[in-house]
Amino acid sequence: MLTPLIIGNWKMNNGIREAADLVIKLRELLKGVDSVDVVIAPPFTAIYHLSHLTADSPMQLCGQDIFWEKSGAYTGEVSAEMLADAGCRYVILGHSERRQRFGESDATVNKKLLAALRASLKPIVCVGETLEEREAGAAISRVTAQVRASLAGLSGSLVKDVSIAYEPIWAIGTGRTASPQDAEEVHNAIRELIYEMFGTHSARGVRVIYGGSVNAGNIDSLMSQPNVDGALVGGASLKAEEFARIVRFKHAAR
Ligand code: PEP
């Protein structure tokens, strides 16, 4: 069994003071957690400060995006190397909010993926279908096409550090969650594709996590699915007690 991965995506929320308050609460609530990789993705401005507050805690830091160049005349952008320097170990790539609002494509996600790995950041590649695509029966074909294009050109020796976040767009921030069975079906298809692309040996460490209105009430049933290796949590990750309960999910069926 893979170590479960639970990520809190704070999006554009929390200045440095609020971010520090939340991390201090989480440090207490997460004491003793050692069998789950707990990751938080604050806004860029809070990362360095939080790198001190998360030391000696189960929490690791994650960026919400990067640009693919190392440095240069790219006003407004932040490189993978800069995030690693600030204390990050992970980075979220291709979140649907970036795809929909900022024109991210599978091709740009692919460049960012290679840049993240160059800087030893572990990428979380987000994929997911629209409601129209799901209703047309095209969820799996859409998601597998995104995975294939986003991971193009990646060497088998690096794929183990990649995680895929299946986030149906209609479930993000809406309160609607995919049923555990629907999530499992897509996760299984993603895992089969990764095995086909990279071979079972190289790809067996790849985690496939679910995102889309995950909360304390639905995490246990999602995590009970054999191919759900964790969760990418948005809104509920801003509430310390709820996020801690998500991290402490119960997976009786696994
Ligand atoms: C997300 O930010 O990736 C997300 C899934 O958000 P929420 O949990 O609020 O739906």
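Anything mentioned here points back to the structure above.
Conventions adopted
Residues numbered from 1 in each chain as written. Predicted model: local features only at pLDDT ≥ 70, side-chain atom pairs only at ≥ 80, totals over all residues. Heavy atoms only, no water. Helix = DSSP H or I, 4+ residues; strand = E, 2+ residues; numbered from the N terminus. Rg over C-alpha atoms; globule rule 2.2 N^0.38 Å. Buried < 20%, exposed > 50% of the residue type's maximum accessible area, 1.4 Å probe, protein only. Contact = heavy atoms within 4.5 Å. Areas by Shrake-Rupley, 256 points an atom, 1.4 Å probe, with all protein chains shown as cover. Lys, Arg positive; Asp, Glu negative; His and termini not counted. Charge placed at Lys NZ, Arg CZ, Asp CG, Glu CD. Expected span 1.5 Å × (residues − 1). Arc of directions from axis to C-beta. Axes fitted to C-alpha atoms, helices over the stretch in contact; angles between N-to-C directions. Parallel < 35°, antiparallel > 145°, perpendicular 65-115°, else oblique. Left-handed = near helix turned anticlockwise from the far one by under 90°. Nonpolar A, V, L, I, M, F, W, Y, C, P; charged D, E, K, R; others polar. Near = heavy atom within 4 Å. Polar contact = N/O pair within 3.5 Å; in protein donor to acceptor, adjacent residues only side chain to side chain. Phe/Tyr/Trp six-rings, centres within 6.5 Å; stacked < 30°, edge-to-face > 60°. Pairing = 2+ DSSP bridges. Core = buried A, V, L, I, M, F, W, Y, C linked by side-chain atoms within 4.5 Å.

1. Some words on the overall build of the protein
Right, so step 1: Broken down by element type, the protein carries 11 helices and eight strands.
Right, so step 2: Relative to its length of 254 residues, the protein is compact, with a C-alpha radius of gyration of 17 Å against a globular reference of 18 Å.
Right, so step 3: Sorting the 254 residues of the protein into buried and exposed places 51% on the buried side.
Right, so step 4: Considering only residue pairs separated by 6 or more positions, the protein has 73% of its internal contacts joining residues 24 or more positions apart.
Right, so step 5: On the protein, roughly 11100 Å² of surface is accessible, and the fraction owed to carbon and sulfur atoms is 51%.
Right, so step 6: Across the protein, the mean location of the 27 positive side-chain charges is 3 Å away from that of the 29 negative side-chain charges.

2. Structural notes on helix H1 (residues 16-29)
Right, so step 1: The terminal C-alpha atoms of H1, which comprises 14 residues, lie 20 Å apart, in line with the 20 Å expected from a rise of 1.5 Å per residue.
Right, so step 2: Ala19, Ala20, Leu22, Val23 and Leu26 are the residues of H1 that are buried. The buried residues of H1 occupy an angular sector of 165 degrees when the element is viewed end-on, so they sit on one face. Set apart from the buried face of H1 by more than 90 degrees, the exposed residues are Arg17 and Glu28.
Right, so step 3: Buried residues in H1 make contact with strand S2 (37-41), helix H2 (44-53), strand S3 (59-63) and helix H11 (240-247).

3. Structural notes on the packing of H1 against H11
Right, so step 1: Packing of H1 against H11 brings their axes to within 9 Å, and their N-to-C directions diverge by 40 degrees. Considering the angle they form, H1 stands oblique to H11. As H1 packs across H11, the resulting crossing turns out to be right-handed. Along its contact with H1, which presents Leu22, Lys25, Leu26 and Leu29, the element H11 presents Ala240, Glu241, Phe243 and Ala244.
Right, so step 2: Across the contact of H1 with H11, the residue classes tally to six nonpolar, no polar and two charged.

4. Some words on the site of the ligand
Right, so step 1: With respect to spatial proximity, 14 residues lie near the ligand, and among them Lys11, His95, Glu167, Gly173 and Ser213 are the closest.
Right, so step 2: Here asparagine 9 contributes a side-chain N or O atom positioned 3.1 Å from an oxygen atom of the ligand.
Right, so step 3: A distance of 2.6 Å separates an oxygen atom of the ligand from a polar side-chain atom of glutamate 167.
Right, so step 4: Considering the ligand on its own, with 290 Å² of exposed area, one finds that the protein chains cover 95% of that surface.
Right, so step 5: Class assignment of the residues belonging to the shell around the ligand gives a composition of four nonpolar, eight polar and two charged.

5. Description of the packing of aromatic side chains
Right, so step 1: Applying the stated criterion across every chain yields a total of three aromatic pairs.
Right, so step 2: Here a set of aromatic residues connected by ring pairs shows up, and it is made of Phe67, Trp68 and Tyr74.

6. Here we look at the sheet that holds S3
Right, so step 1: The eight strands are arranged S1-S2-S3-S4-S5-S6-S7-S8 in a closed barrel whose pairing can be described as parallel. In this sheet, neighbouring strand axes are inclined to one another by 25 degrees on average, regardless of whether the strands run parallel or antiparallel.
Right, so step 2: As judged from the four bridges shared by strand S1 (residues 5-9) and strand S8 (residues 230-233), these two strands associate in the parallel manner. If you follow isoleucine 6 over to S8, its bridge partner there is alanine 231.

7. A look at the nonpolar core
Right, so step 1: With 69 residues, the main nonpolar core has Ile6, Leu50, Leu151, Ile164, Ile190, Ile194 and Tyr210 as its most contacted residues.
Right, so step 2: In terms of residue count, the dominant contributor to this core is helix H8 (residues 180-198) (six residues).
Right, so step 3: Tyrosine 210 has contacts with Tyr166, Pro168, Ala171, Thr177, Ala178, Ala183, His187, Leu222, Val228, Gly230, Ala231 and Leu232, leaving out every residue within four places of it along the chain.
Right, so step 4: Judged by nonpolar contacts, the second largest core, of 12 residues, contains Tyr90, Cys126, Ala165 and Ile209.

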